[in-house]
Amino acid sequence: DSTKQINGKNEEYIKRLLRTRIEWGGVFICVIGPRTHTRTWVNWEIAQAAKKGKRIIGVYILGIGQTKPILPEKFKQYACALVRWRGNQIIDAIESKLNNFPQAEEVLQEPNKV
C-alpha cells in the first residue's frame, strides 16, 4: 500500500516489508490517484508484483474520472485491468473476468461506459 508511509530510512528494510506484503497477496491492486505516479515506491512495487507473477489491476479513486491522472510507468507496462471504484468491476478484475488494459484509458473518459 503505497499510500501508507513506512517509517524507515533503510531501503533494504522497506523493500523487505513491501516484498512480504506483495508475496502475501494473490492480486496486486494499485489505487490510482492524482499523485500515485509520484510515490517513491509505486513503480518498484508494481515491478516486484510482476516478477512474482501477480495479476496487476488499477482502481481509480472516487472522483478521479473527471481528470486523467498520469499512470505509473510500470503500471503501463504490466497491468491487466483498470477500473473505476465500483465493486462489481473490481471483483471482475480480480477474478480475471475483466482484462481491459490498455484500452481502459479511453473508456474511462466516457463516464457511462465503465
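Throughout, residues of each chain are indexed from 1 in the direction in which the sequence is written. With pLDDT at 70 or above as the cut-off, local features in this predicted model cover only qualifying residues; side-chain atom pairs require 80 or more to be listed or tallied, and sums for whole chains, interfaces and linings still use all residues. Derived side-chain values reflect all non-hydrogen atoms in the structure, with water molecules and hydrogen atoms excluded from consideration.

Visitor: Residues and numbers for the overall build of the chain, please.
Guide: The helix and strand tally for the chain stands at five helices and three strands. N-terminal to C-terminal, the α/β element order of the chain is α-β-α-β-α-β-α-α. Working definition: with a 1.4 Å probe on protein chains only, accessible area under 20% of the residue-type maximum means buried, over 50% means exposed, and in between means partly exposed. Counting only residues that meet the buried cut, the chain has 36% of its 114 residues in that class. The contact criterion used throughout is that any non-hydrogen atoms of two residues lie within 4.5 Å. When contacts within the chain are restricted to residue pairs at least 6 apart in sequence, those whose partners lie at least 24 apart make up 65%. Reported accessibility uses the Shrake-Rupley method at a 1.4 Å probe radius. Residues are deemed covered only where the shown protein chains occlude them. Of the roughly 7200 Å² of accessible surface on the chain, a fraction of 50% belongs to carbon and sulfur atoms. Comment: elements are numbered from the N terminus, with helices defined as DSSP H or I runs of at least four residues and strands as E runs of at least two.

Visitor: How would you explain the pattern of salt bridges if you had to name every residue and give the values?
Guide: What makes a salt bridge here is a side-chain nitrogen of Lys or Arg within 4 Å of a carboxyl oxygen of Asp or Glu, nothing more. One pass over the full model with this rule turns up four salt bridges. For lysine 15, the salt bridge identified is with glutamate 11, shortest N-O distance 3.2 Å. Linking lysine 15 with glutamate 11, this pair stays in helix H1 (residues 11-24), spanning four residues, or about one helical turn. For lysine 97, the salt bridge is made with glutamate 95, and the minimal N-O distance between the two is 3.0 Å. Judged by its relative accessible area of 61%, lysine 97 falls in the exposed class.

Visitor: Quick one: what's the story with the nonpolar core, residue by residue and with numbers?
Guide: Across soluble globular proteins, nonpolar side chains show a tendency to be buried alongside one another. Formed by 14 residues in total, the largest nonpolar core has its most connected members in Phe28, Cys30, Ile46, Leu71, Phe75 and Leu82. Elements with a minimum of two residues in this core: strand S1 (27-32), helix H2 (42-51) and strand S2 (55-60). Those residues in contact with phenylalanine 75 that sit more than four places away from it in its chain are Cys30, Asn43, Ile46, Ile56, Ile57, Gly58, Ala81, Leu82 and Phe101. Of all hydrophobic cores here, the second largest spans six residues; its members include Val59, Ala81, Val83 and Ala93. Here, the term nonpolar core denotes a set of buried Ala, Val, Leu, Ile, Met, Phe, Trp, Tyr and Cys residues that are joined through side-chain atoms within 4.5 Å.

Visitor: So, the packing of aromatic side chains: which residues are in play, and what are the values?
Guide: We call Phe, Tyr and Trp rings a pair once their centres come within 6.5 Å, taking the six-membered ring for Trp, and we label the pair stacked below 30 degrees between planes, edge-to-face above 60, and tilted otherwise. Going through the model one piece at a time under the given rule, you end up with two aromatic pairs. Between the aromatic rings of tryptophan 41 and tryptophan 44, the centroid separation amounts to 5.8 Å while the plane-to-plane angle is 85°, which identifies the pairing as edge-to-face. Judged by relative accessible area, tryptophan 44 falls into the buried class, the value being 19%.

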